[in-house]
Amino acid sequence: MKILTDGGFMKLNNIPENPYLLLTPGPLSTSKRVKSVMLRDWCTWDDDYNSIVQDIRSRLTKLASIAAGKYTSILMQGSGTFSVEAVLGSVIPDDGKLLVIANGAYGLRIHRIASMLKIDCVLIQADETSLPDLNEIEETLKIDCDITHIAVVHVETTTGIINPVKEIGALAEKYNKNYIVDAMSSFGGIELDMNDYKIDYLVSSSNKCLQGVPGFGFIIADKEKLRQTKGFSRSHSLDVYDQWETMELNNGKWRFTSPTHVVRAFHEALLELDKEGGIHERNSRYLLNQKTLVSGMRELGFSTLLPDKLHSPIITSFLSPESDKYSFRKFYEELKKNGYVIYPGKITERDTFRIGNIGNVYQHDINELLRVIEEIIYWE
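Here is what the cut-offs are and how they apply
Residues numbered from 1 in each chain as written. Predicted model: local features only at pLDDT ≥ 70, side-chain atom pairs only at ≥ 80, totals over all residues. Heavy atoms only, no water. Helix = DSSP H or I, 4+ residues; strand = E, 2+ residues; numbered from the N terminus. Contact = heavy atoms within 4.5 Å. Expected span 1.5 Å × (residues − 1). Buried < 20%, exposed > 50% of the residue type's maximum accessible area, 1.4 Å probe, protein only. Arc of directions from axis to C-beta. Phe/Tyr/Trp six-rings, centres within 6.5 Å; stacked < 30°, edge-to-face > 60°. Pairing = 2+ DSSP bridges. Axes fitted to C-alpha atoms, helices over the stretch in contact; angles between N-to-C directions. 1 Å grid on protein atoms, 1.4 Å probe; cavity = no way out; pocket = protein on both sides within 12 Å on 5 of 7 lines; lining within 4 Å. Points joined across faces, edges and corners; volume = space filled by probe spheres on them. Nonpolar A, V, L, I, M, F, W, Y, C, P; charged D, E, K, R; others polar.

It is worth spelling out the environment of Leu300 at this point. You can see Leu300 is positioned in the loop between α11 (278-299) and β13 (315-319). Along the chain, Leu300 and Arg371 lie 71 residues apart, while their C-alpha atoms are 9.8 Å from each other. Ignoring any residue separated from it by four or fewer positions in sequence, one finds Leu300 in contact with Leu370, Ile373, Glu374 and Ile377.

The structure is reproduced here in structure tokens:
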């Protein structure tokens, strides 16, 4: 396999195609451009590498808000859940109290993490196919004045539902609460403005809608709020303030060994986002993918778990066929043999499967998937 060098960056002349397309909420299918830059090794102390880190940090805040100067970004080793735990354990003081709003597995994961960290916690749990009740949230905030922080998932990939994070943010501002949003499966694919949504801490990951590869998460934080959290952390390795301070004082240097190849790939993914036209254009592509998918699946006899008004453009849950001949495992394997990987269902009360349409996926990919599904239906 021939390797070419262009401007100091190594590129493959011929990168083989993946045997299948990942139609999942991440990790997801990435472009050859993103994959190719991982062929170069980097030194974590080198100025060239740390300059890339600093550019990533700057680009993230600009994606997060038009008031980018109000915010800073912190990169954190590990999966997105590591960064969620880092925020919960680093920004809530010992005498703080967290209100968790959950309508799926990832909201409940926030509650579990907080409980394990011995954080005083209140849970408002909605049905997996319903939006959180804003009146219930407000009544809870009125009654329980000890609550200091609110946490919610933006897109709950258990079902694909998109939660009212802006409306919850308005309540957080009204009652003077710190607001944490898990935007793992939405940031970069759905437009939002942290300042407009009153979000103090936004958490996401390298391998979601920004279309990088797995290896680190990131936190975008209100600078002034973050400065007040020094010494709060319940963990050494997951100390958000300490990670931020080190990056600020050392030109992007991480405290511990960083995933250099992943970081470089993520920088390329951000350049790729610019080339596509930014979050607005990427959201338009995802919306077209999702609408094409839902329309085609319904024509094939499938039903969605959620009504259209609750769908995000990230991932869609479909009800499994009501046939004794159907099994998800067989369906999955047939699709995989034909070049597509999908996700099993993750809700407790219905038998479902999920198909994502983020990543390096376009309308023609969805149309081809629908053609394959029509050909392999075996349970009728």
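The terminal C-alpha atoms of helix α4 (residues 105-116), which comprises twelve residues, lie 16 Å apart, in line with the 16 Å expected from a rise of 1.5 Å per residue. Taken as a whole, α4 has its buried residues at Gly107, Ile110, Ile113 and Ala114. One side of α4 holds all its buried residues, which, seen down the axis, span an arc of 115°. Away from its buried face by more than 90 degrees, α4 exposes Arg112 and Met116.

Aromatic ring pairs are reported here in terms of the distance separating the ring centres and the angle at which the planes meet. Applying the stated criterion across every chain yields a total of twelve aromatic pairs. When the centroid spacing of 5.6 Å and the interplanar angle of 65° are considered together, the rings of Tyr241 and Trp244 count as edge-to-face. Linking Tyr241 with Trp244, this pair stays in helix α9 (residues 240-249), spanning three residues, or about one helical turn. Through pairs of rings, three or more aromatic residues link up here, namely Phe187, Phe216, Phe218, Trp254 and Phe266.

Reading across the sheet, the seven strands line up as β4-β12-β11-β10-β7-β5-β6 and stay open at both edges, with mixed pairing between neighbours. Only two strands of the sheet have a single partner each, and these edge strands are β4 (71-77) and β6 (120-125). Sheet twist, expressed as the mean angle between neighbouring strand axes with direction ignored, is 20°. Sheet topology note: the strand β5 (residues 97-102)/strand β7 (residues 149-153) ladder contains four bridges and is parallel. What sits directly across from Leu98, in β7, is His149. Contacts from helix α2 (residues 47-64) reach β4 and β12 (216-222), with the element oriented near 125° to β4.

The calculated volume of the largest pocket comes to roughly 360 Å³. Lining the largest pocket are 21 residues, with Thr81, Tyr106, Arg109, Met184 and Lys208 positioned closest to its centre. Elements that contribute at least two residues to the lining of the largest pocket include exactly α3 (80-91) and α4. Across the lining of the largest pocket, the residue classes tally to nine nonpolar, nine polar and three charged.

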